[in-house]
Amino acid sequence: MASVIDPQIHARLRQSFLLGLTRQPPTIPPELAELLPRDREPALPLLALSAQWQRFAGTPAPATDPVPDAALRLHQDARPILPDAARRALKVLARSVEKSLASNVLPLALRRIHAAGCRLHPFDLPDFAAHIKAEADDLGLAERAFLALIAPDSDDDTTKGLFFERITAENWTTFPRAQRRGFVARLRRDDPAGGRALIESVWKTEPAPVRAALLDALTVGLGEDDKPFLDGLSTDRADSVKQLAAQLLARIAERAERGARLAEAAQCFKRSGSLLAKIGLGSASTLTFKLPGDGLKWQEAEVLRERLFGGLQLSALADAVGATAEALIAALPPSEHRVLMLLMDAAVAEGDDDAVTRIIGARLGAGESLNGYILMSLAAKARQPLAPCIAERVLASSAWQKTVQELADATTPAAQKDDGRLVLMAALMPRAAMSAFTASLAALPLSTTRAAKDFTDLVLALPA
């Protein structure tokens, strides 16, 4: 015998009991109307019958959509999930770091986690989605799948091509713009013609921002063979692309005069002191920096810096000057931060992470004060922490000691607040230097050092 209570009647009865019989009187099935007692409310019998129906017939299974491919691929990432201690440290850091610094500090924390071979717990991905997007070059399978899962219909560049384990020449067009630029740059280090051929194969179908990013990858391995392709871009429909192509053509023309440009850049560094010092034999030699020409306007000076130091390798410049790379960086005054960044950009383009960290270490260890803005821009470029020996010199420098002393001598809580110098320095410290770094903060109150110490706790909790 079929039940007189079907799923639709059961749903209506259940809603009546939830909302209240006054607001929604129960629906009585016609088959039960003659069987229910007439001298009392039918609510209790109906409640008992609907409960029995739910017990024995069961509610129908809810309709569900197929599990998205992204959700399946997210759990196929072979990297181990962040250890519990490191996971707790990351959450504490996210709460303690100043909101104005979070967009700079948390991507660096994710960079350290990625370098340790770990991935975030799936439950933590939503909290760090914005910072994951900021690290487009370091996305693993889980992060790429998660971004696609939360924005499957978005045109956002970061959600494209996120399910491939590794970028290759066959699937590179489906990856985000930054990763495509990095892939072509890596390819051109060994095969400049092959990298250029990849760009040419998709050039006509890409929008202007992507074309500009791919064109920027030609700076790696740039040579005369790239000239015909760049010449053809003089009629490109985007002004930004035409301007970048013109800059690369100018750089190719300068390659023929590379020796002259290198010599001109080296002339910006002068030795002062005794005669022996000026020829590099004396101990009292002091290296200084000054752009050629007097009374240059700001825009003219910027053009000159770009012409002299754009794409110039620090090692080649050091050989031309006859000094160490550290001495060259120390000679740059704070006002010449643009020259420093040009040298770093050249090292980044060549994938020379060691040169990047040497530049950072030399800049942080030079001078008498530590500028928060400069430190922020340097930390953003670092793909790896400082070498232990460089970190030791930075912690022993007068600039770092003065920074700590200034915060220790501050008389108000606002003045003792970390403006980013402490936590960003922690982000640059290697694991081996964490104890020395923490010891250097001993004179400061916990409220000042909280975020910096939380970053050290995260690094120490990661797998060695």
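In what follows, the accompanying structure is described.

Side note on the overall build of the protein chain
Stage number 1. Summing up its helical and strand segments, the protein chain has 26 helices and two strands in all.
Stage number 2. In the protein chain, which comprises 464 residues, the proportion classed as buried is 44%.

Re the packing of helix H24 (residues 421–428) against helix H26 (residues 446–461)
Stage number 1. Running from N to C, H24 and H26 point in directions that differ by 15°, and their axes come no closer than 8 Å. One element, H24, and the other, H26, form an angle in the roughly parallel class. Read as a crossing pair, H24 and H26 show a hand that is right-handed. Across the interface between the two elements, Leu422, Val423, Ala426 and Ala427 of H24 pack against Thr448, Thr449, Ala451, Ala452, Phe455 and Thr456 of H26.
Stage number 2. Grouping the constituent residues of the contact of H24 with H26 by class yields seven nonpolar, three polar and no charged.

Notes on the packing of helix H20 (residues 372–381) against H24
Stage number 1. Packing of H20 against H24 leaves a shortest axis separation of 10 Å and a crossing angle of 25°. The orientation of H20 with respect to H24, classified from their angle, is roughly parallel. As H20 packs across H24, the resulting crossing turns out to be left-handed. Across from Gly372, Leu375, Met376 and Ala379 in H20, the residues of H24 making contact are Arg421, Leu424, Met425 and Leu428.
Stage number 2. Residue composition of the contact of H20 with H24, grouped by class: six nonpolar, one polar and one charged.

Observations concerning empty space enclosed by the protein
Stage number 1. Under the counting rule described, the total for this entry stands at one cavity of 30 Å³ or more.
Stage number 2. Volume-wise, the largest cavity comes out at about 120 Å³.
Stage number 3. Forming the boundary of the largest cavity are Arg79, Leu110, Ile113, His114, Cys118, Arg119, Leu120, Ile132, Glu135, Asp138, Leu139 and Glu143.
Stage number 4. Among the elements that line the lining of the largest cavity, the one with the most residues is helix H5 (residues 99–115), at three residues.
Stage number 5. Grouping the amino acids of the lining of the largest cavity by side-chain chemistry returns six nonpolar, one polar and five charged.

Some remarks on the pairing of strand S2 (residues 286–289)
Stage number 1. Every second residue of S2 is oriented toward a common face, the buried set being Leu287 and Phe289 and the non-buried set Thr286 and Thr288.
Stage number 2. Sheet analysis places strand S1 (residues 269–272) next to S2, joined by four bridges and oriented antiparallel. Residue pairing in the sheet places Arg271 in a bridge with Leu287 of S2.

Looking at the pattern of salt bridges
Stage number 1. Enumeration over the complete set of coordinates arrives at 21 salt bridges.
Stage number 2. For Arg305, the salt bridge is made with Glu336, and the minimal N-O distance between the two is 2.7 Å. Linking Arg305 in helix H15 (residues 298–309) with Glu336 in the loop between helix H17 (325–331) and helix H18 (337–349), this pair joins segments that are 31 residues apart in sequence.
Stage number 3. By relative accessible area, Arg305 is classed as buried at 11%.
Stage number 4. Via salt bridges that share partners, Glu302, Arg305, Glu306, Glu336 and Arg338 belong to a single interconnected network.

Quick notes on helix H7 (residues 141–150)
Stage number 1. Here H7 lies mainly inside the structure; eight of its 10 residues are buried.
Stage number 2. All of the buried residues in H7 are Leu141, Ala142, Glu143, Arg144, Ala145, Phe146, Leu147 and Ala148.
Stage number 3. Elements that come into contact with the buried residues of H7 comprise helix H3 (69–74), helix H6 (129–134) and helix H8 (177–190).

Some words on helix H4 (residues 84–96)
Stage number 1. Compared with an ideal rise of 1.5 Å per residue, which puts 13 residues at 18 Å, H4 spans 18 Å between its outermost C-alpha atoms and is within 8% of the ideal.
Stage number 2. Among the residues making up H4, those that are buried are Ala86, Arg87, Ala89, Leu90 and Leu93. Buried positions in H4, seen along its axis, are confined to an arc of 160° and lie on one side of it. Exposed residues lying more than 90 degrees from the buried face of H4 are Asp84, Arg88 and Arg95.
Stage number 3. In this structure, the buried residues of H4 make contact with H5 and H26.

Conventions we followed
Residues numbered from 1 in each chain as written. Predicted model: local features only at pLDDT ≥ 70, side-chain atom pairs only at ≥ 80, totals over all residues. Heavy atoms only, no water. Helix = DSSP H or I, 4+ residues; strand = E, 2+ residues; numbered from the N terminus. Buried < 20%, exposed > 50% of the residue type's maximum accessible area, 1.4 Å probe, protein only. Axes fitted to C-alpha atoms, helices over the stretch in contact; angles between N-to-C directions. Parallel < 35°, antiparallel > 145°, perpendicular 65-115°, else oblique. Left-handed = near helix turned anticlockwise from the far one by under 90°. Contact = heavy atoms within 4.5 Å. Nonpolar A, V, L, I, M, F, W, Y, C, P; charged D, E, K, R; others polar. 1 Å grid on protein atoms, 1.4 Å probe; cavity = no way out; pocket = protein on both sides within 12 Å on 5 of 7 lines; lining within 4 Å. Points joined across faces, edges and corners; volume = space filled by probe spheres on them. Pairing = 2+ DSSP bridges. Salt bridge = Lys/Arg side-chain N within 4 Å of Asp/Glu carboxyl O. Expected span 1.5 Å × (residues − 1). Arc of directions from axis to C-beta.

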